[in-house]
Amino acid sequence: MRTEVVIIGAGPAGLLLSHLLGREGIESVVVETRSRSHVESRVRAGILESSTVELLDAVGLGGRLRREGDEHRGIHLQWPGERHRLDFVDLVGRSVWVYGQTELQKDLGRARDVAGQQIHYEVTGTEVHDIDGDRPSVTFLDSDGTEVRVEARAVVGCDGSFGPSRAAVPEKAKQTWGRAYPYAWLGVLADVPPSTDELIYAWHPHGFALHSMRSAHVSRLYLQVPPDTDLADWPNDRIWDELAARLGHGQDGWQLTPGPITEKSVLPMRSFVMEPMRHGSLFLAGDAAHIVPPTGAKGLNLAVADAALLAPALTALLRENDSRLADAYSATALRRVWRCTHFSWWMTTMLHASTDPFDARLQQSQLRWVATGQAGATGLAENYAGLPIGF
Ligand code: FAS
Ligand code: PHB
């Protein structure tokens, strides 16, 4: 099989990239190891930056988002006895949208169906070949066991943390940075209306808690837990009791309303960056190149930004033989990647309880400075609501 671009991974980065390339008349083949239903149902991100929403609008993917998503002007920062609201629109003129990654994934899948996009789901044995030249290829076993080789002009690894693309870049040609945090998130999805109009990020001596949501009827909440947490140790009552304590139930008359939990998972917290995000005719985008702790709600938005930068670069390369944007892709993308990596680390270390009492005092001082002062609040707002893509 021959095509122009092979994309490994049908997550948000892979499907958005195929959509953006398709709009430029660039043909691609997408290969995905999981089933479509799995990819569309796994509960992950929930917040879209304003630049993500603007991009989706511009390429015909903003319709359902605008109808069913929920625009938020800001967030609440909370610690025992105090809750402060940060209004991003007042501070930096930008909002964010609550719209689950599952919904974006479905919108992307439907758009690719309409465009007649070739997506091979449930493949195995994906391998990348000849990326040092300009005739790379990808081989895999299709879902029916057929061996397939796709030859292309470029291969894009959108295969997340555990795909083959990262490993296809020779050790001597790459540099990686990583940090594992000494805690994880226990995430729950609950069939209960949110007890708050905007997200609550809470510092508490027991640990961090976050009250998010997916709709007017579905809440999404997280608790900081030890990294080796066993879900069996967290029955629903304990989860709700701990969420109530950390989020300030009863404080100034605020109540946390519990409800049926429909999904539970433990999410490890880590930062990871690989440089460069290109090697020869292999490009990397999204989690394949970088991982952020979800505290700053950046993972999905970074995947979108990478795709938005890579599409015009590949178009110029393949249509006009102009490699300038492709040659600059890694450096341009990494500016945003490191800004978001720092912001996600900053939010995480500010909000997650540590065992060191000195740290706790530093965190409380920083939180008060951010929550009650213009400078700190503006810094958080600028990063959380998102910088322009390609800044
Ligand atoms: P993805 O991981 O979404 O997609 C990569 C795709 O490649 C997958 O579908 C995978 O099956 C496929 N693949 C892997 N190996 C392959 C192979 N060998 N062959 C073919 N296909 C292969 N971000 C937030 O902002 N907020 C959150 O709350 C949040 N929660 C998360 C919870 C979990 C459990 C995880 C894992 C991530 C979470 N994230 C969150 C981050 C997440 O949203 C990612 O940033 C986002 O999915 C990145 O999109 P992609 O880069 O497309 O990677
Ligand atoms: C979510 O709704 O899943 C969510 C929101 C904000 C975050 C992380 C996760 O920082």
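Provided above is the structure to which this section pertains.
Here the residue index of a chain counts from 1 through its sequence in written order. Chains carry letters from A onward and ligands carry numbers from 1 onward, assigned in written order. Reporting of local features is limited, given that this is a predicted model, to residues whose pLDDT is at least 70; pairs of side-chain atoms are given and counted only at 80 or more, and all residues count toward the totals for whole chains, interfaces and linings. With hydrogens and water excluded, all non-hydrogen atoms of the structure serve as input to the side-chain values.

Caption draft 1: Broad picture of the packing of aromatic side chains. Only Phe, Tyr and Trp rings take part, Trp by its six-membered ring, and two of them pair if their centres are within 6.5 Å. Stacked means planes under 30 degrees apart, edge-to-face means over 60, and tilted covers everything else. Taken as a whole, this structure holds 10 aromatic pairs when the rule is applied. Seen from their ring centres, tyrosine 181 and tyrosine 183 are 6.1 Å apart, and the 20° between their planes marks the pair as stacked. Burial classes: relative accessible area under 20% of the type maximum marks a residue as buried, over 50% as exposed, and values in between as partly exposed (1.4 Å probe, protein chains only). A relative accessible area of 8% places tyrosine 183 in the buried class. With a centroid separation of 6.5 Å and an interplanar angle of 85°, the aromatic rings of phenylalanine 343 and tyrosine 384 are classed as edge-to-face.

Caption draft 2: Looking closely at the packing of helix H1 (residues 12-23) against helix H9 (residues 299-320). Only the stretch in contact is used when a helix axis is fitted, and all axes are lines through C-alpha atoms; the angle between N-to-C directions ranges over 0 to 180 degrees. Each helix is a run of DSSP H or I of at least 4 residues and each strand a run of E of at least 2, with the numbering of both proceeding from the N terminus. H9 packs onto H1 with a crossing angle of 30° between their chain directions and a minimal axis gap of 9 Å. What the angle tells us is that H1 and H9 run roughly parallel. Where H1 crosses over H9, the handedness of that crossing is right-handed. From H1, Pro12, Ala13, Leu16, Leu17, Leu20 and Leu21 reach across to H9, where they touch Leu300, Ala303, Val304, Ala307, Ala308, Leu310, Ala311, Leu314 and Thr315. Put simply, Ala, Val, Leu, Ile, Met, Phe, Trp, Tyr, Cys and Pro go in the nonpolar bin, Asp, Glu, Lys and Arg in the charged bin, and everything else, Gly too, in the polar bin. Here the contact of H1 with H9 is composed, by residue class, of 14 nonpolar, 1 polar and no charged. Comment on the angle field: the value is read as roughly parallel under 35 degrees, roughly antiparallel over 145, roughly perpendicular from 65 to 115, and oblique elsewhere. The handedness criterion is simple: a crossing whose near helix is rotated anticlockwise from the far helix by less than a right angle is left-handed, and one whose near helix is rotated clockwise is right-handed. The contact rule is simple, with two residues in contact once any of their heavy atoms fall within 4.5 Å.

Caption draft 3: Representation of the site of ligand 1 within the structure. Taken together, the neighbourhood of ligand 1 is formed by 30 residues, with Glu32, Arg42, Arg44, Gln101 and Asp287 sitting nearest. Under this definition, polar contacts are N or O atom pairs within 3.5 Å; protein pairs additionally need one hydrogen-donor-capable and one acceptor-capable atom, and for neighbouring residues in sequence, both atoms have to be side-chain atoms. Within the side chain of glutamate 32, an N or O atom sits 2.7 Å from an oxygen atom of ligand 1. Here a nitrogen atom of ligand 1 and a backbone polar atom of threonine 33 are 3.2 Å apart. Each accessible area is a Shrake-Rupley result for a 1.4 Å probe, and residues are judged covered by the shown protein chains and nothing else. Burial of ligand 1 by the protein amounts to 84% of the accessible area it has alone, namely 990 Å². Those elements giving two or more residues to the shell around ligand 1 turn out to be H1 and H9. No other element matches H9, which puts 3 residues into the shell around ligand 1. Taken together, the residues that form the shell around ligand 1 break down as 14 nonpolar, 9 polar and 7 charged. Only heavy atoms are used to decide nearness, and a residue is near a molecule or strand if one of them lies within 4 Å of it.

Caption draft 4: Quick look at the state of the cysteines. For the purposes of this analysis, a disulfide is any pair of cysteine sulfur atoms at a distance within 2.5 Å. With the rule as written, the count across this model stands at 0 disulfides. Of all cysteine sulfurs in the structure, the one in cysteine 340 sits closest to cysteine 158, which takes part in no disulfide; the separation is 17 Å. Of the residues examined, cysteine 158 reaches a relative accessible area of 8% and is grouped as buried.

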